[in-house]
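Letter by letter, the chains look like this.
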Amino acid sequence: MTEQPFSRPTATVTTIEEVVRVTGLSRTFGRGERAVHAVRDVSFTAGKGELVAVQGRSGAGKTTLLNLVGGLDRPDSGQVRVAGHDLGAAGERELLRLRRGTIGFVFQTFGLIPILSAAENVGVPLRLAKVPAAEREERVSVLLELVGLGGHAAQRPYELSGGQQQRVALARALANEPDLLIADEPTGQLDSETGRSIMDLLRAVVHARGMTALVATHDPALIELADRTLTLRDGHLLPT
């Protein structure tokens, strides 16, 4: 019997199981007088079923921090552990595997493939994971229904609104049931009402599926939806 998508038990925000542990993380770009200390000795943890907002002004280090936690960049010092995996000790092949399964990404620019339909875009990670066609189609259908786009499976990105495109991007990020969802300014190109609906959806999915999410945003209305907030200033994590 085919395993049903999202069959894992649900979790609440009170769950204390640790998914992310960041210890003494630092990243500098350039050298000498031109060096930019993007992230400076940052440490924090995030638990299962927790939506954590990362706030700070432009240039505070939000994107760099998310790239480090997501394995898209490597730190100069410090350690990142995600779902028990030490990203610093992982080779490129292992990092690729983690980015395809353990970690999901949602970006400000959506990143959809223009020539593919909504369903085909959502199914890309499942094809890469070599999920059988029947199971893939079933999971894609469930995901599109989850994000409220069950009736838009055949439409291509240019036929969808910005909010709908971001919902497709979220469904794609969820395709392989990641332990950690990283979203870098996911509402940055959307109006306030649409952005709020996307953040509401993110929060509902994280809590229902027992994932962990790190969401970079500068919008106070969206930050208030988070379970916890991390504030960066000049690369430093401010005390809460």
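Heads up: the structure comes first, above all this text.
On a predicted model such as this, the values are computed, not experimentally measured, just so you know.

(A) Representation of the pairing of strand 3 (residues 51-55) within the structure. For strand 3, the buried fraction is high: 4 of the 5 residues fall into the buried class. Across 4 bridges, strand 3 lies against strand 8 (residues 212-216) in parallel orientation. By the bridge assignment for strand 8, L51 is matched with A213. Inspection of the sheet shows strand 3 paired to strand 9 (residues 228-233) by 4 bridges, in the parallel sense. Residue pairing in the sheet places V54 in a bridge with L230 of strand 9.

(B) Structural view of helix 5 (residues 162-174). Taking 1.5 Å of rise per residue, the 13 residues of helix 5 would be expected to cover 18 Å, and the 19 Å separating its terminal C-alpha atoms lies within 8% of that figure. Within helix 5, 11 of the 13 residues are buried, which leaves it mostly tucked inside the rest of the structure. Restricting attention to buried positions, one finds in helix 5 the residues G163, Q165, Q166, R167, V168, A169, L170, A171, R172, A173 and L174. For helix 5, the secondary structure elements touched by its buried residues are strand 6 (103-107), helix 3 (118-128), helix 4 (133-146), strand 7 (180-184) and helix 6 (192-209).

(C) Main features of unusual backbone geometry. Even without glycine at this site, E185 takes up a positive phi of about 45 degrees. Of note, E185 is situated in the loop between strand 7 and helix 6. Judged by relative accessible area, E185 falls into the buried class, the value being 11%. Unlike most non-glycine residues, D234 shows phi in positive territory, near 50 degrees. Counting through the fold element by element, D234 comes out in the loop between strand 9 and strand 10 (236-237).

(D) Inspection of empty space enclosed by the protein at higher detail. Within the structure shown, the criterion is met by 1 cavity of 30 Å³ or more. If you add up the space inside the largest cavity, you get close to 40 Å³. Taken together, L68, G71, D73, R74, P75, V80, L87, G88 and L95 make up the lining of the largest cavity. Looking at side-chain class alone, the lining of the largest cavity contains 5 nonpolar, 2 polar and 2 charged residues.

(E) Fine view of the packing of helix 3 against helix 4. The interhelical angle for the contact between helix 3 and helix 4, taken along N-to-C directions, is 130 degrees, at an axis separation of 9 Å. Viewed along their axes, helix 3 and helix 4 adopt a mutual orientation that is oblique. Handedness of the crossing formed by helix 3 with helix 4: right-handed. Contact residues: A119, V122, G123, L126 and R127 in helix 3; R136, R139, V140, L143 and L144 in helix 4.

Calculation notes
- Residues numbered from 1 in each chain as written.
- Predicted model: local features only at pLDDT ≥ 70, side-chain atom pairs only at ≥ 80, totals over all residues.
- Heavy atoms only, no water.
- Buried < 20%, exposed > 50% of the residue type's maximum accessible area, 1.4 Å probe, protein only.
- Helix = DSSP H or I, 4+ residues; strand = E, 2+ residues; numbered from the N terminus.
- Pairing = 2+ DSSP bridges.
- Expected span 1.5 Å × (residues − 1).
- Contact = heavy atoms within 4.5 Å.
- 1 Å grid on protein atoms, 1.4 Å probe; cavity = no way out; pocket = protein on both sides within 12 Å on 5 of 7 lines; lining within 4 Å.
- Points joined across faces, edges and corners; volume = space filled by probe spheres on them.
- Nonpolar A, V, L, I, M, F, W, Y, C, P; charged D, E, K, R; others polar.
- Axes fitted to C-alpha atoms, helices over the stretch in contact; angles between N-to-C directions.
- Parallel < 35°, antiparallel > 145°, perpendicular 65-115°, else oblique.
- Left-handed = near helix turned anticlockwise from the far one by under 90°.

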